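Listed below are the residues making up each chain.
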Amino acid sequence: MSRKQQTLSSFFGVSPPTKKSQLEPEPKKRLFSEKWLQDVQWLEANDERTEMWCKICRSNPHLADKTGAFYKGSKNFNHPLFDKHEKSKEHTNVAQAIANKQASREEMSSRPLARWRDKLNKEQRQALFNIFLLAFHKAKHARPMSSYSEDVPLLKRLGVNVGGAYHSREGGTRIMQSIAHTISGELRAKLQTAEFWGLLFDGSEDITKTEQEIVYIVSVSSNGEFTSDFIGLIELGAERTAQAITDGLVKLFQDTGLDDWTTKLVAVCTDGAAVNVGIYNGVVPKLRQLAAVGDSLVHILCTAHTLENCAKSADRNVPYCETFNRSVVKLLQFYLQKGGAKKTAALKKQCEENGISFVKLGKFHNIRWSAWRHETLLKISRLLPAIIMQLATSDNSDLQHICTERFRCFLSDMLDIGNILKTTSIRFQKEKLTIGECKDELMVAIGQFTLLLDGESHRAHTVSNADADRDKTHLLRGLIEEFEIRYDSLKSCDHFLVFDPSTWPQEIQDLHSFGNTTVCSILKKYEATLQLDKDTTVTEWMRLKQAGKRLGASSVYDLVQIVNTSNPDAYSNINTVVKLSLTLPLSSAACERGFSHLNIIKTKYRSRLSHARLSALMHIHLSKQTTETFDPKPAVDLWMETANRRLNQGQRGASAASSSSTMQEAEAEDSRGDTEEDSGASTEEDSEEDCTY
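Since we're looking at a predicted model, the values are computed, not measured.

1. Some words on the overall build of the chain
Thought 1: Summing up its helical and strand segments, the chain has 32 helices and 7 strands in all.
Thought 2: Split into buried and exposed, the 693 residues of the chain put 47% on the buried side.
Thought 3: Considering only residue pairs separated by 6 or more positions, the chain has 72% of its internal contacts joining residues 24 or more positions apart.
Thought 4: Of the accessible surface of the chain, which amounts to about 35800 Å², a share of 51% is contributed by carbon and sulfur atoms.

And the structure:
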């Protein structure tokens with residue numbers, strides 16, 4: 001505007017004329033082009049063409065960049081950055097890994113034994129399947145591989161086609177290792193599809209006093225199925241330090257191909273050992289330094305172990321408990337150690353003469369856990385009249401306390417208290433234990449202790465009975481106090497209680513706002529792992545609450561079922577958060593069961609099993625597959641492709657020497673061309689089977 005126009009405008013008090021503003025046209029929104037799918041081989045899109053992603057990156061999450069747009073899904077069609085993603089380091093690694101795998105398959109298929117496999121007729125293939133099935137059956141039922149070679153002649157006699165090769169113990173061992181590797185690969189593929197992992201590990205000594213750390217991973221599949229899977233063993237030897245355990249866990253993850261454990265690990269469950277829970281140098285703080293969630297990594301003390309610690313602490317606060325426990329142990333030693341058979345026979349006769357139902361007493365080392373301890377005390381209570389009559393003629397002064405009134409009264413009280421501890425302990429050992437169920441069990445146990453505490457005593461007023469009532473009161477009060485203190489670690493999981501429908505308000509207007517703030521806090525706490533939109537997640541949460549209320553959901557698993565049976569896309573974000581809550585392991589009872597299986601496999605007759613072979617046998621033994629459901633084809637294919645068939649020279653049995661000429665020539669040619677396998681089998685591996693066979 002000129003100076004003259006400004007002067008006239010200010011004189012007449014009007015605004016100067018302005019140029020008519022020209023509105024810029026809105027940029028045209030670009031849509032997905034079908035031509036991109038033809039030009040870019042790794043590109044994939046949904047049916048609505050509203051989102052695109054890199055299919056090879058998604059198929060290899062352990063190598064891909066999970067924070068990238070082409071992994072999570074890109075909706076930006078204006079300037080698709082195909083070249084930038086294709087040149088990225090992560091995408092290049094994925095493409096190279098796929099190329100190497102394809103080249104390996106082509107190289108494997110060109111091997112003589114692989115070509116021979118393709119030429120197998122139906123009868124030869126069935127013979128190969130039969131010996132694989134036999135090896136699986138032996139490992140599944142913890143039988144030594146020496147029995148594998150012993151059963152081959154029997155199968156031949158029964159008319160089963162087992163071919164003419166790999167009938168020795170070494171041949172069965174090689175086949176078993178291939179089966180274990182196949183099972184481990186299937187487990188790895190399943191775990192890589194899970195979004196979150198919970199870690200369980202516990203340590204114990206095997207039959208050779210070797211310190212073993214057993215490791216499990218809990219996960220939730222895409223359809224909401226909760227599983228607890230054995231991953232492997234860590235042999236620690238004499239050094240059971242936090243650093244050694246942490247290094248062993250990291251190495252185990254790397255050896256099993258679970259390289260993305262740092263991004264998926266969200267929770268750890270251990271017992272209360274100082275090496276695990278140390279504030280500065282424990283295993284859990286070291287894992288927090290390595291995990292992507294950092295300090296948000298949830299550490300839960302095993303609920304079953306904590307229950308036992310509560311009982312032991314309460315016992316220590318009652319002086320008579322030590323006398324009572326010592327008397328019980330001496331009584332079991334009286335009937336189970338030197339000369340125990342005659343004493344047990346005399347007790348049985350005493351029961352028959354007095355019309356008492358006889359039960360055999362269990363081993364005294366089994367009173368460590370509440371369930372076993374209660375069963376032992378229950379047997380003693382049933383046999384107590386006959387025991388007292390037998391001890392009346394005995395000169396064993398250490399056992400005379402069992403005949404007193406105080407022991408009988410306290411035994412009756414311990415049965416009532418032990419029944420509550422036993423029931424709670426068994427329920428804490430469930431695999432699908434949710435935080436809501438755990439809280440309910442605690443409240444029920446405390447309520448039952450309170451009822452026993454407030455109940456009136458119907459015993460006669462004697463000094464012994466008064467002492468027993470006082471001990472009972474102190475024990476119950478100690479248990480209630482220990483429960484309230486030791487289960488304090490569960491408070492770190494309290495925010496996940498919003499997914500338990502039993503905690504929801506009854507009124508609809510209250511349900512709308514229930515848990516919204518808690519869901520937002522969960523998203524913030526686990527933002528390094530979840531990376532979900534807050535508004536979308538809260539909206540889906542409100543929708544899920546309404547559906548759960550309408551369909552009568554009673555547990556968090558019902559919510560998962562609602563998501564799977566309805567439109568999963570409508571709950572995609574909140575379903576991820578619900579799965580996160582289910583991944584929290586509340587008990588490490590799976591590790592204790594794993595040690596029971598380990599002791600079945602590694603006995604005093606198989607004490608020379610190596611660590612690698614023991615772990616392979618554990619994978620097969622703990623597999624969900626049975627002899628009826630096992631499919632040997634994947635293991636056969638792997639066995640043929642990896643050329644893991646060479647037997648220790650000089651130790652082949654006569655059955656191996658009588659193999660068909662076609663198989664021998666093919667194996668010899670394959671062995672000469674295979675540069676990856678060692679020139680000879682390890683003496684340790686081939687001789688580590690049972691030392692008595």
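2. Focus: a nonpolar patch on the surface
Thought 1: Nonpolar side chains collect at one region of the surface, where Leu154, Leu158 and Val160 lie side by side and expose about 270 Å² of accessible area between them.
Thought 2: Take Val160: it is sitting in the loop between α9 (146-157) and α10 (169-193).

3. Details of the side chain of Ser587
Thought 1: By the secondary structure assignment, Ser587 is in the loop between α26 (572-582) and α27 (589-601).
Thought 2: A polar contact is formed between the side chain of Ser587 and the backbone oxygen of Phe428, at a distance of 3.2 Å.
Thought 3: Polar contacts involving the side chain of Ser587 include one to the main-chain amide nitrogen of Ala589, which spans 3.2 Å.
Thought 4: The contacts of Ser587, once residues within four sequence positions are left out, are Leu200, Cys269, Cys302, Thr303, Ala304, Phe428 and Gln429.

4. Here's the deal with the packing of aromatic side chains
Thought 1: A complete count under the given rule lists 21 aromatic pairs for this structure.
Thought 2: Taking 5.3 Å as the distance between ring centres and 85° as the angle between the ring planes, the aromatic pair formed by Phe499 and Trp541 counts as edge-to-face. Highlighted residues: Phe499 in the loop between α21 (463-486) and α22 (508-513) and Trp541 in helix α24 (residues 534-551), separated in sequence by 42 residues. As far as burial versus exposure is concerned, Phe499 and Trp541 are alike and both buried.
Thought 3: The interplanar angle of 85° and the centroid separation of 5.9 Å between the aromatic rings of Trp504 and Trp541 together place this pair among those described as edge-to-face.

5. A closer look at helix α23 (residues 516-525)
Thought 1: Within the sequence span of α23, burial applies to Asn516, Val519, Ile522 and Leu523. The buried residues of α23 occupy one face: seen down the axis, they fall within an arc of 120°. The outward face of α23, more than 90 degrees from its buried face, is lined by the exposed residues Thr517 and Lys524.
Thought 2: On the buried face of α23, the contacting elements are α22, α24 and α26.

6. Structural notes on the pairing of strand β6 (residues 265-270)
Thought 1: Within β6, 6 of the 6 residues are buried, leaving the element largely enclosed by the surrounding structure.
Thought 2: As judged from the 4 bridges shared by strand β3 (residues 197-205) and β6, these two strands associate in the parallel manner. Of the residues in β6, the one forming a bridge with Trp197 is Leu265.
Thought 3: Taken together, the 4 bridges between β6 and strand β7 (residues 298-301) define a ladder with parallel strand orientation. Along β7, the bridge assignment pairs Cys269 with Ile300.

Parameters and conventions
- Residues numbered from 1 in each chain as written.
- Predicted model: local features only at pLDDT ≥ 70, side-chain atom pairs only at ≥ 80, totals over all residues.
- Heavy atoms only, no water.
- Helix = DSSP H or I, 4+ residues; strand = E, 2+ residues; numbered from the N terminus.
- Buried < 20%, exposed > 50% of the residue type's maximum accessible area, 1.4 Å probe, protein only.
- Contact = heavy atoms within 4.5 Å.
- Areas by Shrake-Rupley, 256 points an atom, 1.4 Å probe, with all protein chains shown as cover.
- Patch = residues over 30% accessible without salt bridge, like charges linked within 9 Å, V, L, I, M, F, W, Y side chains within 5 Å.
- Salt bridge = Lys/Arg side-chain N within 4 Å of Asp/Glu carboxyl O.
- Polar contact = N/O pair within 3.5 Å; in protein donor to acceptor, adjacent residues only side chain to side chain.
- Phe/Tyr/Trp six-rings, centres within 6.5 Å; stacked < 30°, edge-to-face > 60°.
- Arc of directions from axis to C-beta.
- Pairing = 2+ DSSP bridges.

Distances and angles like these do not, on their own, reveal function.
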